[in-house]
Amino acid sequence: AQKITQTQPGMFVQEKEAVTLDCTYDTSDPSYGLFWYKQPSSGEMIFLIYQGSYDQQNATEGRYSLNFQKARKSANLVISASQLGDSAMYFCAMREATAGNTPLVFGKGTRLSVIA
Amino acid sequence: SAVISQKPSRDICQRGTSLTIQCQVDSQVTMMFWYRQQPGQSLTLIATANQGSEATYESGFVIDKFPISRPNLTFSTLTVSNMSPEDSSIYLCSVGGGALNTEAFFGQGTRLTVV
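Residues numbered from 1 in each chain as written. Chains lettered and ligands numbered in written order. Predicted model: local features only at pLDDT ≥ 70, side-chain atom pairs only at ≥ 80, totals over all residues. Heavy atoms only, no water.

## Comments concerning the sheet that holds strand β1 (residues 4-7) of chain B
Two modes of strand pairing occur in sheets, parallel and antiparallel, and in both the strands are linked by backbone hydrogen bonds. All names here are of chain B. Rules: A pair of strands is considered paired only if DSSP assigns at least 2 bridges between the two. We count a stretch as a helix when DSSP gives it H or I for four or more residues in a row; a strand needs E for two or more, and each element gets its number in order from the N terminus. To obtain each axis, a line is fitted to C-alpha atoms, and for helices this fit is confined to the stretch in contact; angles are then taken between N-to-C directions over 0 to 180 degrees.
Here four strands make up an open sheet; going across it, the order is β1-β3-β8-β7 and the pairing antiparallel. The sheet is open, and its two borders are formed by β1 and β7 (68-72), each paired with just one other strand. Adjacent strand axes in the sheet meet at a mean angle of 15°, parallel and antiparallel pairs treated alike. Sheet topology places β7 next to strand β8 (residues 75-80); three bridges connect them, and they run antiparallel. Across the sheet, residue Ser-69 finds its bridge partner in β8, namely Thr-77.

## Overview of the state of the cysteines
Here is the rule we go by: Whenever a pair of cysteine sulfur atoms sits within 2.5 Å, that pair is classed as a disulfide. Only protein chains enter the calculation, and the probe is 1.4 Å; a residue is then buried if its accessible area is under 20% of its type maximum, exposed if over 50%, and partly exposed in between.
Applying the stated criterion to the full structure yields two disulfides over all chains. Paired by a disulfide, Cys-23 of chain A and Cys-92 of chain A hold their sulfur atoms 2.0 Å apart. Handedness of the Cys-23 of chain A-Cys-92 of chain A disulfide follows from its S-S torsion of about -65°: it is left-handed. Here Cys-23 of chain A, found in the loop between β3 (19-21) and β4 (24-25), pairs with Cys-92 of chain A, found in strand β10 (residues 88-96); they are 69 residues apart in sequence, far enough to count as distant. Sulfur-sulfur distance for the disulfide between Cys-23 of chain B and Cys-93 of chain B comes to 1.8 Å. Linking Cys-23 of chain B and Cys-93 of chain B, the disulfide has an S-S dihedral of approximately -90° and is accordingly described as left-handed. Taken together, the residues Cys-23 of chain B in strand β3 (residues 19-25) and Cys-93 of chain B in strand β9 (residues 89-95) connect sequence positions 70 residues apart. The two residues Cys-23 of chain B and Cys-93 of chain B agree in class, both being buried. The thiol of Cys-13 of chain B is not disulfide-bonded; the next cysteine sulfur, from Cys-23 of chain B, is found 16 Å away.

What follows is the structure in structure tokens.
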């Protein structure tokens, strides 16, 4: 079964508008971490934001915030005031606390296109 | 944090040949991970490389096709052997943050095209 589901293959947003990228996850581990990465066309993976399963508040990092709904097992990324440079692939990923230093499991990604 | 230098950044190779990708980390790490990203797809874990032992491969990946070396705690190589056009992908090495709540760090990626 897929552990990370991103149902939006592609999204368009007008410059300066906010956009929400969806991510749902599946785990029976009570302790886990959720990550969002941005991959521009250059191919590098850029870490954006982290949310821990026990965190009481939603994570925020500049224009990025995470709408974490634990009961629904969703961790949606919200990008405010979109910029042309935000056009990229966005991946949601998870690490479970089975043993430290485990690899991330990635969703299929969402391609975001910001329109001027 | 960790800084990973990965090379080559891109290559175009003839089918039937092999390419070795190198990753150098600026600190000692126990595990290194190798991912493949096929065109338009997500990252798929190929293997986990521990220093001093054989790499652990994920289902669908075999050592004969993707041999990995891990001679020390800061360096690893992945070889893509006997390449075919289906091997055209981005290959990325990664190290974990060492704890649940720290991000994974990635090399810049190797964009491989097999012709």
